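Residue strings, one per chain:
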Amino acid sequence: MITRKSKYEISLMKTAGSIVAEVLETMKEMVQPGVSTLELDEKAEQIILSHNAVPAFKGYHGFPGTICASINEQVVHGIPSKNVILKEGDIISVDVGSVYKGLVGDSAITLPVGEISDELKKLLEVTEQALYDGIKQMLPGNKLYETVSAAIENCAKPYGYGIVKQYGGHGVGRNMHEEPFVYNFHPGQPGPELRPGMVIAIEPMFNLGTGDVHVLSDKWTVVTNDKKHSAHFEHTVLVTDDEPVILTQRL
Ligand code: MG
Ligand code: MG
């Protein structure tokens, strides 16, 4: 069942969303060569706790971090570590969730570490554009897959990017992962109808190579099979009577 959130729940989700936005703003400032992903993680946790919220990922099915820090060919769910040091030319996806008074905000960005190649710049630009193209379709009455999912897929197509099929967006609220699942491609069926009060995390993941991925032996880190780079952007978005509202909007 897809829940529709009350005004009160939405107000709490706005707070949860503003906290993750602040974390990601801080990550943008911190990400540079020489920084470890554990340092990023510790800062993220500190910010979340300072707002009387708690990290949504830490302890979720046993995940050890506050953020997922996924570098280069890592797609999602990278584990922060003092041994993972950012290098010039890397890209890093930082995904973060916070829980404020029982409600979740979830958002991700992929950031360049120093100067990156034009090929990677384009990958980041197009993946972020797909996020916004998808969000634009989050209008009441629209069927999720034939509008939002299709818009995301259409963004990747001209560039030949691989779309990760096993992972995607999701409803979010009192739980981090609620119905519906959101494909990042049109799966054939039209999908559930969007209605005001639904809150959904949209999160395209595009790869320079194919969309094929597997999980490393740490049981978490998802990597591309061909070791080519991957990008990931995410916002938590409210469907209204009118235009969609991004609850994790950064300043
Ligand atoms: Mg996320
Ligand atoms: Mg998510």
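Note: the structure precedes this text.
So, here's what we can say about the structure. Note that the structure is predicted; figures quoted are calculated from it, not measured. (Residues numbered from 1 in each chain as written. Chains lettered and ligands numbered in written order. Predicted model: local features only at pLDDT ≥ 70, side-chain atom pairs only at ≥ 80, totals over all residues. Heavy atoms only, no water.)

## Comments concerning the overall build of the chain
Part 1: A tally of helices and strands in the chain yields four helices and 15 strands.
Part 2: The principal-axis extent of the C-alpha atoms belonging to the chain is close to 45 × 45 × 35 Å.
Part 3: Per-residue burial for the chain yields a buried fraction of 56% across its 251 residues.
Part 4: A total of about 10600 Å² of accessible surface is found on the chain, and carbon and sulfur atoms cover 51% of it. (Helix = DSSP H or I, 4+ residues; strand = E, 2+ residues; numbered from the N terminus. Buried < 20%, exposed > 50% of the residue type's maximum accessible area, 1.4 Å probe, protein only. Areas by Shrake-Rupley, 256 points an atom, 1.4 Å probe, with all protein chains shown as cover.)

## Overview of the coordination of the magnesium ion (ligand 2)
Part 1: Donor atoms from the polypeptide that coordinate the magnesium ion (ligand 2) comprise D106 (OD), H170 (NE2), E203 (OE) and E234 (OE), at 2.1 to 2.2 Å from the metal.
Part 2: Every donor residue of the magnesium ion (ligand 2) comes from the same chain, spaced as D-x63-H-x32-E-x30-E.
Part 3: Between the magnesium ion (ligand 2) and the magnesium ion (ligand 1) the interatomic distance comes to 3.1 Å, and D106 is a ligand of both metals. With a gap of 31 residues between them, E203 in the loop between β9 (199-202) and β10 (205-207) and E234 in the loop between β13 (230-232) and β14 (235-238) connect regions that are remote in the sequence.
Part 4: The exposure class of E203 is buried, given its relative accessible area of 6%.
Part 5: For E234, a relative accessible area of 0% gives the class buried. (Donors = N, O, S within 2.8 Å, 3.2 Å for Na, K, Ca; no water.)

## Looking at unusual backbone geometry
Part 1: Cis geometry is adopted by the peptide bond preceding P180, which originates at E179 and carries an omega value of 0 degrees.
Part 2: Position of P180 among the secondary structure elements: in strand β8 (residues 178-182).
Part 3: Even without glycine at this site, H61 takes up a positive phi of about 50 degrees.
Part 4: One non-glycine residue, K219, lies in the positive phi region at around 75 degrees.
Part 5: Mapped onto the secondary structure, K219 falls in the loop between β11 (213-215) and β12 (222-224).

## Remarks on the sheet that holds strand β7 (residues 169-171)
Part 1: What the five strands build is an open sheet, ordered β8-β7-β9-β14-β15; its pairing is antiparallel. Strand pairing shows two members of the sheet lacking a second neighbour, β8 and β15 (245-246), which therefore form its edges.
Part 2: Sheet topology places β7 next to β9; two bridges connect them, and they run antiparallel. Bridge pairing in β9 links G171 to I200.
Part 3: Its contacts with the sheet put helix α3 (residues 118-136) on β9, β14 and β15, and the angle it makes with β14 is roughly 10 degrees. (Pairing = 2+ DSSP bridges. Contact = heavy atoms within 4.5 Å. Axes fitted to C-alpha atoms, helices over the stretch in contact; angles between N-to-C directions.)

## As for the packing of aromatic side chains
Part 1: Applying the stated rule across the entire model yields six aromatic pairs.
Part 2: Centroid distance Y159 to Y161: 5.5 Å. Interplanar angle 15 degrees. Geometry classified as stacked.
Part 3: Ring centres of F181 and Y183 lie 5.0 Å apart, and the angle between their planes is 85 degrees; on these two criteria the pair is classed as edge-to-face.
Part 4: Each residue in the set Y145, F181, Y183 and F185 is aromatic and connected to the rest through ring pairs, giving one cluster. (Phe/Tyr/Trp six-rings, centres within 6.5 Å; stacked < 30°, edge-to-face > 60°.)

## A short note on the coordination of the magnesium ion (ligand 1)
Part 1: For the magnesium ion (ligand 1), the full set of protein donor atoms is D95 (OD), D95 (OD), D106 (OD) and E234 (OE), and the range of their distances to it is 2.0 to 2.6 Å.
Part 2: Coordination of the magnesium ion (ligand 1) draws on donor residues from a single chain, spaced D-x10-D-x127-E in sequence.

## Topic: the pairing of strand β5 (residues 103-112)
Part 1: In terms of residue burial, β5 counts as a mostly covered element, since nine of its ten residues are buried.
Part 2: In this sheet, β5 lies alongside strand β4 (residues 91-100) in antiparallel orientation, the contact comprising ten bridges. In the sheet register, I91 faces β5, and the bridge partner there is P112.
Part 3: In this antiparallel pair of consecutive strands, β4 and β5, the connection spans two residues, and K101 shows a positive phi of 45 degrees.

Any functional reading would require information beyond the geometric quantities listed.
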